[in-house]
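# An overview of the molecular structure
For reference, the chains in residue letters:
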Amino acid sequence: MPAEAPLFLMYTSGTTGKPKGAQHSIGGYLAYVIWTSKYVQDIHPEDVYWCMADIGWITGHSYIVYGPLALAASSVVYEACDAPDPGRPWRIARSSA
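Attention in this report is confined to the structure presented alongside it. (Residues numbered from 1 in each chain as written. Predicted model: local features only at pLDDT ≥ 70, side-chain atom pairs only at ≥ 80, totals over all residues. Heavy atoms only, no water.)

### Considerations on the nonpolar core
Defined as follows: Within this scheme, the nonpolar core is defined by two criteria: the residues are buried Ala, Val, Leu, Ile, Met, Phe, Trp, Tyr or Cys, and they are joined through side-chain atoms within 4.5 Å. Classification of residues uses two cut-offs on accessible area relative to the type maximum, computed with a 1.4 Å probe and protein chains only: under 20% is buried, over 50% is exposed, and between them is partly exposed. Secondary structure elements follow DSSP: runs of H or I no shorter than four residues count as helices, runs of E no shorter than two count as strands, and numbering proceeds from the N terminus. Contacts are residue-level and defined by heavy atoms, with any inter-residue pair within 4.5 Å sufficient.
Counting residues in hydrophobic clusters, the biggest one holds 15 residues, and the most contacted among them are Val 33, Ile 43, Tyr 49, Cys 51, Tyr 63 and Tyr 66. For this core, the elements supplying multiple residues, two or more each, are helix 1 (26-40) and helix 2 (58-70). The greatest single-element share of this core, amounting to 4 residues, is contributed by helix 1. In contact with Tyr 63, other than residues within four places in its own chain, are Tyr 32, Val 33, Thr 36, Ser 37, Gln 41, Tyr 49, Cys 51 and Pro 68.

### Considerations on helix 1
The test is simple: By definition here, a helix of n residues has an expected span of 1.5 Å times n minus one. Within this analysis, the arc is defined by the directions that extend from the helix axis to the C-beta atoms.
For helix 1, with 15 residues, the first-to-last C-alpha span of 20 Å sits near the 21 Å given by 1.5 Å per residue. Within helix 1, the full set of buried residues consists of Ile 26, Tyr 29, Leu 30, Val 33, Thr 36 and Ser 37. Buried residues of helix 1, viewed axially, fall in a sector of 145°; they line one side. Away from its buried face, by an angle of more than 90 degrees, helix 1 presents the exposed residues Tyr 39 and Val 40. Contacts made by the buried residues of helix 1 are with strand 1 (6-12), strand 2 (20-25) and helix 2. The positive-phi residue at the C-terminal boundary of helix 1 is Asp 42, with phi of around 60°.

### Some words on the pattern of salt bridges
Our working definition: A pairing counts as a salt bridge when a side-chain nitrogen of Lys or Arg comes within 4 Å of a carboxyl oxygen of Asp or Glu.
In the structure shown here, the tally under the stated rule is 1 salt bridge. Among the ionic pairs, Arg 91 bridges to Asp 85, the shortest N-O distance being 2.9 Å.

In structure tokens:
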């Protein structure tokens, strides 16, 4: 795909209360997320990676979906950190290790 092809649109109302969108491209944003996933978070293809951020947050979709999958790693998707009980995230983390 071309480097300037759209990857996603992020909308915010900011301080004005009026929706504004920013378009992120494949070449810039995806390259950055792959780089940070590989060299900062040290994710490898054999890893099972879990980011507890909400998938709607920039951190969530970047490091739940784009980064790990671009590096061929598995990704755990689980957002309800306190449901059905507050100990569940820790049990998931132990079972993924």
